[in-house]
Amino acid sequence: MPGAPTESTPARRARPVPIRPDWVSKTLAGVLLGLSLALTCSGLLAALLIGMPVPVSGQLAMWLVPPVWLGVLSFVYFFSSGLRAWLWLGGVNVLALGIWWLVRPGGVA
Amino acid sequence: MRADFIRIYKSVHTWTGIVSGMALFIAFYAGALTVFKEPIRDWATPPAAILQPVPMDEVQSLIVQTLANTPATGRGAVVRLQGDQAVPRLEWTVRDPNADDHDDSAARHYEARLDAAGKVQVSEQQPSRLVEFIDVLHRVVGLPVDSDPNRWVMGVISALYFVALVSGVVVLLPSLVKDFLAFRVGRNLKRMWLDAHNVVGIVSLPFHIVMALSAVVFAFHDQIYAVQDQLVHEGRWAQAFAGPRGNPAEAPARNPAEMLTPTKLVRIAEVASPGFEPSGLQYSRVTGPRPTVRVWGKHPEGISPRALGGFAEIDPYSGELLSADYLSGAQSTPNLIISSFFALHMASFGGLAVLWLYFLLGLAGAWLFYGGNLLWVETRRKAQRRGADMPVQRRDTAIMAAATVGVCLGCMAGISLTMAAAKWLPGRVDDLAAWHVGIYYGVFFASVGWAFCRGAARAAVSLLWLTAACTAAIPLSSLLGWLAPGSGSWADGALLGVDLTALAGALALVWMARATARRVRNGPQDSVWSVRRREVAAT
């Protein structure tokens, strides 16, 4: 989330910092970044199954989207704050997109 | 796990559950009945509409004559098979071209039969669509039509349901070892309901995860495919499903009389998948450039990609097996994996035992959501209790309790009554389908209205009696048909299971009605489930 204040690192205190619910930002991170991650994962799977007929690999890739998407959405509330959710999930998205860029059919590799 | 997480996930569970609970109740109750769609369809079919099957190849003349003269058979004309015999009737539907992809409510239904002179007679039918209506209720959480927007509503509900499942498990995990199978019967009724909610939820968790994820897929697959075709497949997905290439006008005109006979077509499927049990033939575009016939059926040891089974796609002229992608018992591993997602939702594997298992899991699921709403209400009552005076209860708990009772019992009573009506409507009304829909929604909305007028406690007892009566009307209608054949109703000994199941359901509902009546009279007065509080307040 650009513009949000950087969080002070909770350097080993006696009591852990309470987990911030951050309902709106965590939920948005789960819905939006979860969906983009799910679509990227489906792209990775499709690249992996390139030898298969498209009607088959396409169906498998489609079925992968809801579990990844809703899995991310379900576990997003474990992040200690909405900002961290956005940063981590954004990072994972960039990483997954990077791998897909490398392995996509007709891509670099 | 840190208490913070438990608290956060408890809120997630509460809100996702309360928003999706009643819609899911309808989806699961109607879905449990949809497991037995075909037996209920047969149960609701008047004896006059049942034709004696004939040896399979005797229907070839009907098929050939009809298909040669009827170009518009929609998605294909179907002949039902029974063992090595066939029902001498060809059926097809023509859909409204403007209707939604999954919406059959405006489709027109036709059937062709041979008259005594061997001439084809085509007639438009007014099927009752009873089981299709119950199926649609389950597909779109109680809405009347399976259209795109309604399916998106269902998709959002299913997504919330998945999050509710995960969050429920997270909340329960720290105490799972202690609480699992701990069923504390006692004075603390809320504890007992929570224990039961937990044990049912955990035991049927795999079933629920499958249902939630597959329901999201069924709702949003078109949209996901469209996005993936743009981003991932670069247009190859749409291409793979494009229509036949080439100019249809140039293709040779095919004469259906040259098609292989049903016995030969069935034999091709049986050779491709030994043990396959054919149940129907579906002819599509047999005079066009890409003629196909699908031999539908099930493999007793295989899984079926659809509720009706799977199919071999065959060229009816050359006998070439065009596709075994959906042929139960002969699928490639990737196709088997895809089919298993469908089979796990639709119980199309493992035979009768799995059907009953899914029926019971579906009812248990409906109970899970009903119980979840009750727990929501009870939790908010506890927080309000202090001192000796009767506390003023929150309005939202009274509203939620009334809505839960009205929606859930209204759905059950409505489905029961519209089912029972299947034995009385034929021959008395013209538009059977509209009557079934009207009866269901009439009972449903009346029940919801009654629950809000009378309050949850009073309405619960009367609505349980209503539901019991409506459900008892199912076997009673058959009984009357058996005792008095002139009444218009009828009984079929082979489908006694439908009547007996309804009877068992009616008895269970009577038991619930009596238990609830005791509770509202003698239970704690500060509860929304007490009628005494109102009386005290009134005096």
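Below: a short report on this structure. (Residues numbered from 1 in each chain as written. Chains lettered and ligands numbered in written order. Predicted model: local features only at pLDDT ≥ 70, side-chain atom pairs only at ≥ 80, totals over all residues.)

It is worth spelling out the overall build of chain B at this point. Check the secondary structure of chain B and you find 17 helices and 10 strands. Taken along its principal axes, the extent of the C-alpha atoms in chain B is 90 × 60 × 40 Å. Burial status across chain B gives 41% buried among its 539 residues. Long-range contacts, defined here as pairs at least 24 residues apart, represent 68% of the contacts in chain B between residues at least 6 apart. (Helix = DSSP H or I, 4+ residues; strand = E, 2+ residues; numbered from the N terminus. Buried ≥ 20, exposed ≤ 12 C-beta atoms within 10 Å, placed from the backbone. Contact = placed C-beta atoms within 7 Å.)

It is worth spelling out the overall build of chain A at this point. Check the secondary structure of chain A and you find 3 helices and 0 strands. Along chain A, from the amino end to the carboxyl end, the secondary structure elements read α-α-α. When burial is assessed residue by residue, chain A has 33% of its 109 residues classed as buried. Across chain A, every contact between residues at least 6 apart in sequence was considered, and the portion connecting residues at least 24 apart equals 74%.

This part covers helix 16 (residues 496-522) of chain B. Residues and elements named next belong to chain B. With 27 residues, helix 16 extends 39 Å from end C-alpha to end C-alpha; this agrees with the ideal 39 Å at 1.5 Å per step. Three or more residues of helix 16 are buried, namely Val498, Asp499, Ala502, Ala506, Leu509, Thr516 and Val520. Contacts from the buried residues of helix 16 go to helix 2 (37-43) and helix 15 (456-483). (Expected span 1.5 Å × (residues − 1).)

Attention now goes to the interface of chain B and chain A. Across the boundary between the two partners, chain B contributes 30 residues, which contact 25 residues of chain A. Elements represented by at least two residues in the side of chain B that touches chain A include exactly helix 1 (3-34), helix 5 (148-172), helix 8 (205-231), helix 9 (236-240) and helix 11 (333-346) of chain B. Ranked by residue count, the leading element in the side of chain B that touches chain A is helix 8 of chain B, at 9 residues. Tallied by class, residues from the side of chain B that touches chain A come to 22 nonpolar, 5 polar and 3 charged. (Nonpolar A, V, L, I, M, F, W, Y, C, P; charged D, E, K, R; others polar.)

Residues and elements named next belong to chain B. With respect to the helices and strands, Gly371 occurs in helix 12 (residues 352-382). Sequence-wise, Gly371 and Gly505 are 134 residues apart; in three dimensions their C-alpha atoms are separated by 18 Å. If near-sequence neighbours (up to four positions away) are discounted, Gly371 is found in contact with Trp193, Ala196 and His197.

Let's shift gears to the pairing of strand 9 (residues 310-314) of chain B. When a strand is regular, its side chains alternate between the sheet's two faces. All names here are of chain B. Among the 5 residues in strand 9, 4 count as buried, and that is most of the element. As judged from the 5 bridges shared by strand 8 (residues 292-298) and strand 9, these two strands associate in the antiparallel manner. Following the sheet pairing, Val295 is matched in strand 9 by Ala312. For strand 9 and strand 10 (residues 321-323), the ladder comprises 2 bridges, and the chain directions are antiparallel. For Ile314, the partnering residue across the bridge sits in strand 10 and is Leu321. In sequence, strand 9 turns back onto strand 10 through a hairpin of 6 residues, with Gly319 there showing a positive phi of about 80°. (Pairing = 2+ DSSP bridges.)

Residue and element names in this part refer to chain B. Positionally, Ser123 belongs in strand 6 (residues 120-125). Along the backbone, Ser123 and Tyr283 are 160 residues apart, and their C-alpha atoms lie at a distance of 18 Å. In this structure, Ser123 is in contact with Tyr110 and Glu111, ignoring residues within four places of it in sequence.

In contact at an axis separation of 9 Å, helix 2 (residues 54-75) of chain A and helix 5 of chain B are set at 50° when each is read in the N-to-C sense. In terms of axis orientation, helix 2 of chain A runs oblique to helix 5 of chain B. By crossing handedness, the relation of helix 2 of chain A to helix 5 of chain B is classed as right-handed. Here A:Leu70, A:Leu73 and A:Ser74 of helix 2 of chain A lie close against helix 5 of chain B, whose contacting residues are B:Ala159, B:Phe162, B:Val163, B:Val166 and B:Ser167. (Axes fitted to C-alpha atoms, helices over the stretch in contact; angles between N-to-C directions. Parallel < 35°, antiparallel > 145°, perpendicular 65-115°, else oblique. Left-handed = near helix turned anticlockwise from the far one by under 90°.)

What follows concerns the environment of B:Gly329. All names here are of chain B. Looking at where Gly329 falls in the secondary structure, it is placed in the loop between strand 10 and helix 11. Considering only alpha carbons, one finds Gly329 and Pro300, 29 residues apart in sequence, at a separation of 8.6 Å. If we ignore the near neighbours within four places in the chain, the residues touching Gly329 are Ser273, Gly275, Phe276, His299, Glu301 and Gly302.

Quick look at the packing of helix 5 of chain B against helix 8 of chain B now. Two measures define how a pair of helices packs: the angle their axes make with one another and the distance between the axes. Residue and element names in this part refer to chain B. Contact geometry for helix 5 and helix 8: axes closest at 8 Å, N-to-C directions at 150°. Classed by the angle they form, the pair helix 5 and helix 8 counts as roughly antiparallel. Helix-helix and strand crossings are classified by hand; for helix 5 and helix 8 the assignment is left-handed. In contact with Arg151, Trp152, Met154, Gly155, Ser158, Ala159, Tyr161, Phe162, Leu165 and Val169 of helix 5, helix 8 contributes Leu205, His208, Ile209, Ala212, Leu213, Ala215, Val216, Ala219 and Phe220. Considered class by class, the residues forming the contact of helix 5 with helix 8 number 15 nonpolar, 3 polar and 1 charged.

By themselves, these observations are geometric and do not establish any function.
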